[in-house]
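# Report on the structure
Chain residues, written in single-letter form:
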Amino acid sequence: MYKLNVLLLLCFGFLFTLTVHGQTNSGVNNGELNGNYAFTFRGSSSNGSVSSVYAAVGRFTADGAGTLTNGELDTNGAGAGAALVAQTFTGSYSIGADHRGVMNLNIGGSPAKLAFAMMANGNAEFIKFDASGGVGTIGSGTMEKADTTAYNTAKITGDYAFGAAGFDNANNRAAILGRFTSNGTGTLTNPVGDVNAYGTDYAMNFTSANYTVSNTATGRGAMHFIFTFGGAPANLNFVFYVVNSGKLFPMESDAVTTATPLLNGVVLQQQMPSGGFSNASLSGNTVISLTGLSMCGSGSVVPKAVAGLLTTNGNGALSLTYDENYCRAPNSVTAAAGTYSVAGNGRASITIGGYSLVAYLANANQFFLSVSDANALFGLGEPQIAGSFNNSALKGTYAGYATNPATFSVAAFSGEFSADGATSVGNINGTEDIGAPSAPVSGAAFKATYSVASSPTNGRGTMTISSGAGGNAIIYMISAFKFVVLPLNDPNPAIWDFELESGSAPAPTSLALLSLNPTSVTGGNSSTGTVTLSGPAPSGGAQVALSSSNTTAARVPASVTVAAGATSTTFAVSTSAVASSTSVVISGTYGGATKTGLLTVTPTPAPSSTLSSLTLNPSSVLGGVQFSTGTVTLSGPAPAGGAQVMLSRSNGAASVPASVTVLAGASSATFRVNTSAVLVPTSATISASYSGTTRTADLAVY
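Everything in this summary refers to the structure shown in the same document. What you see is a predicted model, and the numbers here were worked out from it, not measured in a lab.

## Let's talk about the packing of aromatic side chains
Applying the stated criterion across every chain yields a total of 21 aromatic pairs. Among the aromatic residues, those joined into a ring-pair cluster are Tyr160, Phe162, Phe180, Tyr202, Phe206, Phe225, Phe227, Phe229 and Phe238. Between the NZ or CZ atom of Lys304 and the centre of the ring of Tyr326, over which it lies, the distance is 4.1 Å. Above the face of the Phe627 ring, Arg672 is positioned so that its terminal group lies 3.7 Å from the ring centre.

## Focus: unusual backbone geometry
Trans is the prevailing form of peptide bonds, just as negative phi is the prevailing case for residues other than glycine. Look at the link from Ser455 to Pro456: it is a cis peptide, with omega at 0°. By secondary structure assignment, the location of Pro456 is in the loop between strand 28 (440–453) and strand 29 (460–465). Note the cis peptide between Asn617 and Pro618, where omega equals 0°. Relative to the elements of secondary structure, Pro618 occurs in the loop between strand 42 (611–617) and strand 43 (620–621). Positive phi values are uncommon outside glycine, yet His99 reaches one of about 75°. The topology assignment puts His99 in the loop between strand 4 (84–95) and strand 5 (100–107). Backbone geometry places Ala335, a non-glycine residue, at a positive phi of 55°. When you line up the elements, Ala335 lands in strand 20 (residues 329–342). Ala335 gets classed as partly exposed once you look at its relative accessible area, which sits at 46%.

## Observations concerning the side chain of Arg220
Assignment of secondary structure puts Arg220 in strand 13 (residues 220–229). Judged by relative accessible area, Arg220 falls into the buried class, the value being 17%.

## A short note on the environment of Asp490
With respect to the element layout, Asp490 can be found in the loop between strand 31 (482–487) and strand 32 (495–500). Classification of Asp490 by relative accessible area gives buried; the value is 6%. Each C-alpha atom, one on Asp490 and one on Arg672, is 88 Å from the other, the two residues being 182 residues apart in sequence. Polar contacts involving the side chain of Asp490 include one to the main-chain amide nitrogen of Asn492, which spans 2.9 Å.

## Regarding the nonpolar core
Counting residues in hydrophobic clusters, the biggest one holds 54 residues, and the most contacted among them are Ile176, Phe180, Met223 and Phe225. Those residues in contact with Met223 that sit more than four places away from it in its chain are Phe180, Leu188, Asn210, Tyr211, Leu236, Asn237, Phe238, Phe240 and Leu248. Grouped together as the second largest cluster of nonpolar side chains are 31 residues, Ala411, Ala444, Met477 and Phe483 included.

## Digging into the pairing of strand 41 (residues 593–602)
Two faces belong to every sheet, and in a regular strand the side chains alternate between them. Pairing geometry for strand 34 (residues 520–522) and strand 41, over three bridges, is parallel. Within strand 41, the residue paired with Ser520 across the bridge is Thr600. Pairing geometry for strand 40 (residues 582–590) and strand 41, over nine bridges, is antiparallel. What sits directly across from Tyr590, in strand 41, is Ala593. Count of turn residues in the strand 40/strand 41 antiparallel hairpin: two residues, of which Gly591 carries a positive phi of about 60°.

## Some thoughts on the sheet that holds strand 15 (residues 247–252)
Taken in spatial order, the eight strands of this closed barrel run 9-10-11-12-13-14-15-16, and their pairing is antiparallel. For this sheet, the mean inter-axis angle between neighbouring strands, taken without regard to orientation, is 25°. Bridge analysis of strand 13 against strand 14 (residues 232–244) gives 10 bridges, and the strand direction is antiparallel. The residue bridging Gly221 from the neighbouring strand is Phe240, located in strand 14.

## A few points about the sheet that holds strand 22 (residues 355–363)
Taken together, eight strands build a closed barrel; the order of strands is 17-18-19-20-21-22-23-24 and the barrel is antiparallel. Neighbouring strand axes in the sheet, compared pairwise and without regard to direction, differ in orientation by 25° on average. Pairing between strand 18 (residues 301–313) and strand 19 (residues 317–326): eight bridges, direction antiparallel. Within the sheet, the bridge partner assigned to Leu309 lies in strand 19 and is Thr321.

## Details of the pattern of salt bridges
Counted under the stated rule, the structure contains 12 salt bridges. Bridged by salt links that share partners, the residues Glu382, Lys482, Asp497 and Glu499 form one connected network.

## So, the environment of Phe413
Residue position: Phe413 is located in strand 26 (residues 412–420). We classify Phe413 as buried; its relative accessible area is 1%. Distance in space between the C-alpha atoms of Phe413 and Val371 is 26 Å, their sequence separation being 42 residues.

## Section: the state of the cysteines
Per the counting criterion, the structure on display carries one disulfide. Disulfide partner of Cys296: Cys327, at an S-S distance of 2.2 Å. Where Cys296 bonds to Cys327 through sulfur, the torsion about that S-S bond is close to -100°, and the disulfide is left-handed. Linking Cys296 in the loop between strand 17 (283–295) and strand 18 with Cys327 in the loop between strand 19 and strand 20, this pair joins segments that are 31 residues apart in sequence. Given a relative accessible area of 11%, Cys296 falls into the buried group.

## A closer look at the pairing of strand 45 (residues 643–649)
Bridging between strand 45 and strand 47 (residues 659–662) involves four bridges; their strand directions are antiparallel. When the sheet's bridge partners are listed, Gln644 is paired in strand 47 with Thr661. Of the pairings in the sheet, the one linking strand 45 to strand 49 (residues 682–690) comprises four bridges and is antiparallel in character. Along strand 49, the bridge assignment pairs Met646 with Ser689.

## Here's the deal with the environment of Pro538
Assignment of secondary structure puts Pro538 in the loop between strand 35 (526–533) and strand 36 (542–548). Counting along the chain gives 296 residues from Pro538 to Val242, while the straight-line C-alpha distance between them is 20 Å. Discounting residues that sit within four places of it in the chain, Pro538 has contacts with Ala564 and Tyr590.

## Some words on the side chain of Thr286
For Thr286, the position within the fold is in strand 17. Look at Thr286 and you get buried, because its relative accessible area is 1%. A polar atom in the side chain of Thr286 sits 3.4 Å from the backbone oxygen of Asn365. Setting aside chain neighbours within four positions, we find Thr286 in contact with Gly308, Leu309, Leu310, Asn365, Phe367, Gly381, Glu382, Pro383 and Gln384.

The rules behind these values
Residues numbered from 1 in each chain as written. Predicted model: local features only at pLDDT ≥ 70, side-chain atom pairs only at ≥ 80, totals over all residues. Heavy atoms only, no water. Phe/Tyr/Trp six-rings, centres within 6.5 Å; stacked < 30°, edge-to-face > 60°. Lys NZ or Arg CZ within 6 Å of the ring centre and 35° of its normal. Helix = DSSP H or I, 4+ residues; strand = E, 2+ residues; numbered from the N terminus. Buried < 20%, exposed > 50% of the residue type's maximum accessible area, 1.4 Å probe, protein only. Polar contact = N/O pair within 3.5 Å; in protein donor to acceptor, adjacent residues only side chain to side chain. Core = buried A, V, L, I, M, F, W, Y, C linked by side-chain atoms within 4.5 Å. Contact = heavy atoms within 4.5 Å. Pairing = 2+ DSSP bridges. Axes fitted to C-alpha atoms, helices over the stretch in contact; angles between N-to-C directions. Salt bridge = Lys/Arg side-chain N within 4 Å of Asp/Glu carboxyl O. Disulfide = S-S within 2.5 Å.

Rendered as structure tokens:
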């Protein structure tokens, strides 16, 4: 994490003064990287004078003993020779006692070296580790365990959100985000999206979208979008590698030009609640982290990074506290007020001050996010686990890395770090590998102090770095096992991501929250429950037991399973008609914790209109010869579906239909009163009843 503030000018003198710990590549922990993996990488390449965008996606199999097989990757970048298509590769790796590793690849006869840090879930964070003298590639990415059973077009089915960002061949910044529904046969329906084209946001109006998993052995596939934006036609082609049926790593495969930027990112399955997303899908705290590119006063283009805590009320109002490293200067904003609106498909429009933002939800409080300005900021929103965060929450060993470096000048790092959780001032120490433009640095020591508070901004903390070039940073806690850091003094910042490292026993996962949306329904309608865990579900998933305090009024399934690696899922709550308002407690239990939500089931509302009068015309008739016309009048317009007024008569001298319907929106209706011959004058009482009210009128029959 330490950065070289004048990296290209002072690098060699600085490196000689470092306290360096060699890469611990003894291989004692090689078993931690074992099985099938998919990976994604983004960065920049330089020939010593000009730098340009570079990205890669692919897959490999690790044998747990230091050998990589079945390697395949696609790369793309500006200029000739940057693109590789389904290129096979081999390699080796070694993981030391501190869970840092090195990986050496042979890609078509060309070597590549990576440094990586293992996480508790078996995934790894990595950097490119072989740039030198201002020549080579700088960047970072993730390797994630892959589900080979999902290497099939039919497995990619359901609703998905996507987000990707990158640059064109002139290093102009762009991003896209959106959603679609996959039918499992290659067609993507209901696609919508937004594109930030070098600082201007446009709606993506799709005319075609499709995909295929073309190689069931490697999980490699292709995705194709045809659309217009701002009235101009466009099409984008992506190659992707399957992580699992709910996650893909896509990278644009088109030639990189001024008209076509190189974008790469993630496709995630949308956990859409019954009835679609709504404003209630954003309720609570979400940690946001974004990167972009800024044109500063000197005319230079400088990376920009932002992190913050977004608090939403579930009803369209929000507050945002954030910190930014903008044009190489720190800036903080506290409790900026704003508004938001979430559509059923998960697209959210956000306004904060004079800024407009667009988000696409993958789940409640989880989304891809873009700011519609010239910085083309793009990133993620991740739900902050419920609870108060202070120093004791940031305790343990973490794998960390610099995410999404925006230029070749960013010094990417990966490493392993230990935090002591001390009450007033905590200490964090670690060892990191740095992919600097001048030369790689192996095993640099890192040392810092930190302080995290629950108020006024929950989980926001400060960090003071004393190793290397030093500096200050801001922490935002997502959970006890994940946090992000924004460096304030780094002239070329990135967002730093920290997750529980491989050497740590994963914190026991328990149920953190059970929420209901909506919290009040009319009997016979349904609500959607969401269970949220304190961390990712373990291998095999997490089965949350469910119950209802009143199964007559509201019912839930016996249990619901949160998929492995996910933190939440939804379930349906069905209800029945009730005579009076009924409160039902919905409970969930997992990992020794029980959480509840309160659902109010209300009776069917009484019609807003009542029966105000019943009249007969004429009111006297000759029995068997004449009839009368009855008119029922309501106090107001009949509701949707109409108002059924029940009719009756007191004797056989007159007859009426069983009911008459006042049409929706009307206030009256007529009916015929037939009569029979009588021997003596007779009075027949006609009755009409609706909504608890009865009106009568007498008919004289002669």
